[in-house]
Amino acid sequence: MSEKSQRKNCVNLYLANPRGFCAGVDRAIKMVEESLKIHGKPVYVRHEIVHNQYVVKKLREQGAIFIDELNEIPDNKHPVIFSAHGVPKSVPEEAKLKNITYFDATCPLVSKIHREVEFFAKKNFEIILIGHRNHPEVIGTMGQTNAVRMHLIENISDAKKINIKNSKSLAYVTQTTLSIDDTAEIIKILKRRFPQIVEPKKEDICYATTNRQKAVKKIAEKCDSMVIIGASNSSNSLRLVEVAKNNGCPKSILIQSNEDFNWEEVRNNENIGLSASASAPEELVSNFIDECKRRFEVKIIEDTSIKENVKFNIPNHLKKAS
C-alpha cells in the first residue's frame, strides 16, 4: 500500500458550544438516580424521563421502570417520577388518589409556563399555546387549565387562521424547545392580529434551546455537513437540524449515536459540524469524536463565547442519598 493511500483525509470538526445536557435534563436524571438509592428497585418513571434512548437504557439498567400511565403500577410500594416535560394536573391528582408517592421532575422552566397558564386562567383569559401537538410538554401545559380556554397553534398558518372571540382578554405562552426564528414569526402575526395580546413577562423558550440554536447558527455556514446527536422524538433535537439547514448547511442530519452514522457520507467533506441536543449526554459526543479521529486527521475548532452556568437543584428530600 502506498504512503498516499495510507494517509488519512484531513477534517475540520466544528464543535458547537454549548451543547448537550441542560440543567433541567441533568436535574431530572439525578432525581431518578437518587430515588433509586433511597427507595431501591424499582422506581417507576411516567414516560421517558428525557427524550434520549441512551439515557433511558442506562436508567433502566439501574432499576427504573418506564410506564405510559399510572395504572401500570401494580401497587403503591414504590414511587413514581414524572418526566422533565411536565404533566397535566390530573396526573398528580391520580397519584394522590392511588396513594402513590410521586416526585415531579418537571423542568423548572416548564413549571414557569404552567404557572403562567394558571395566572392567565384565573384572570379569565383565553390562552394561545404555541407548540407541537402531542408533544409531552404541550400535553402537560394544556392540562393546567380548562381545555376550552386553551388554543394550540403550531405554525404560521395556524396563527393566521385562529379565531378568538374576545381578543381583549387574550395571552400566549410557548413550548420551551421551539425554533427561535419560527416562533418569532408566529408571535409577530399574533401581535398584528390581536394588538392587545398579553405576552409572558419573560420569554418561554428556554435558555438551553436558545443557546444551542445560536451555537449551531455560528458554525453552520462553515460546514459541508452538520451532525446533531439526539432523538427523533426530541423537539429540541429536530429544531437544531432545522436551524443548521436554514443557516447555510443543507446537509444536516440527526443521529442517536456514532453507530447510526454512515461515515461514507462525509468521506469527502473537509468541514463537519457537531452538536448535541439538550437531552443527549456528552459521552455520545466524545464517542463520535473518537470515531472521527480513528478515520480522519481531525482538527477540532470550538467557539466557547456562549457561557452557561445554570443549575437546578433536586428536591431536598432526595438529597440525603448523595
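Caption draft 1: Local environment of the environment of Pro-281. Along the chain, Pro-281 turns up in the loop between β11 (271-276) and α11 (282-295). In this structure the C-alpha to C-alpha distance between Pro-281 and Val-25, which are 256 residues apart in sequence, comes to 9.7 Å. In contact with Pro-281, not counting residues within four places along its chain, are Phe-21, Asn-52, Tyr-54 and Val-55.

Caption draft 2: Here's a closer look at the sheet that holds strand β7 (residues 150-153). Pairing is parallel in the open sheet, where 3 strands are placed in the order β7-β6-β8. The sheet is open, and its two edges are formed by β7 and β8 (170-174), each paired on a single side. Across the sheet, the axes of successive neighbouring strands diverge by a mean angle of 25°, strand direction being ignored. Note that strand β6 (residues 126-130) and β7 share 4 bridges and pair parallel. Residue pairing for β7: Ile-127 is matched across the bridge by Met-150. Packing of helix α5 (residues 108-122) onto the sheet brings it into contact with β6, β7 and β8, and relative to β8 it is tilted by some 170°. Its contacts with the sheet put helix α8 (residues 180-193) on β6, β7 and β8, and the angle it makes with β6 is roughly 155°.

Caption draft 3: Local environment of the nonpolar core. Of all hydrophobic cores here, the largest spans 30 residues; its most connected members are Val-32, Ile-49, Val-50, Leu-59, Phe-66 and Ile-81. The set of elements that each furnish at least two residues to this core consists of α2 (23-39), β2 (43-46), α3 (53-62), β3 (64-67) and α9 (207-220). The contact partners of Ile-81, leaving out residues within four places of it in the chain, are Met-31, Val-32, Ser-35, Val-43, Tyr-44, Val-45, Arg-46, Ile-49, Phe-103 and Ala-105. One finds Leu-15, Trp-263, Ala-280 and Cys-292 within the second-largest nonpolar core, a separate group that totals 19 residues.

Caption draft 4: View of the packing of α9 against helix α10 (residues 235-246). Running from amino to carboxyl end, α9 crosses α10 at an angle of 30°, the nearest separation of the two axes being 9 Å. Between α9 and α10, the angle is such that the two are roughly parallel. Judged by the sense of rotation from one axis to the other, the crossing of α9 with α10 is right-handed. Contacts from Arg-212, Gln-213, Val-216, Lys-217 and Ala-220 of α9 reach α10 at Arg-239, Leu-240, Val-243 and Ala-244. Split into classes, the residues belonging to the contact of α9 with α10 amount to 5 nonpolar, 1 polar and 3 charged.

Caption draft 5: Quick look at the pattern of salt bridges. Applying the stated criterion across every chain yields a total of 20 salt bridges. Among the salt bridges present, the one from Glu-69 reaches Arg-46, with a minimum N-O distance of 3.2 Å. With Glu-69 in the loop between β3 and β4 (80-82) and Arg-46 in strand β2, the pair connects residues that are 23 residues apart, well separated along the chain. With relative accessibility at 36%, the residue Glu-69 sits in the partly exposed group. For Arg-46, a relative accessible area of 7% gives the class buried. We note a salt bridge from Glu-283 to Lys-58, for which the minimum N-O separation is 3.9 Å. Remark: Lys-58 occurs in helix α3 and Glu-283 occurs in helix α11; sequence separation between them is 225 residues. Ionic contacts of the salt-bridge type, sharing partners, join the residues Arg-19, Glu-282 and Glu-302 into one network.

The rules behind the values
Residues numbered from 1 in each chain as written. Predicted model: local features only at pLDDT ≥ 70, side-chain atom pairs only at ≥ 80, totals over all residues. Heavy atoms only, no water. Helix = DSSP H or I, 4+ residues; strand = E, 2+ residues; numbered from the N terminus. Contact = heavy atoms within 4.5 Å. Pairing = 2+ DSSP bridges. Axes fitted to C-alpha atoms, helices over the stretch in contact; angles between N-to-C directions. Core = buried A, V, L, I, M, F, W, Y, C linked by side-chain atoms within 4.5 Å. Buried < 20%, exposed > 50% of the residue type's maximum accessible area, 1.4 Å probe, protein only. Parallel < 35°, antiparallel > 145°, perpendicular 65-115°, else oblique. Left-handed = near helix turned anticlockwise from the far one by under 90°. Nonpolar A, V, L, I, M, F, W, Y, C, P; charged D, E, K, R; others polar. Salt bridge = Lys/Arg side-chain N within 4 Å of Asp/Glu carboxyl O.

Function-wise, these values are silent; they only describe arrangement.
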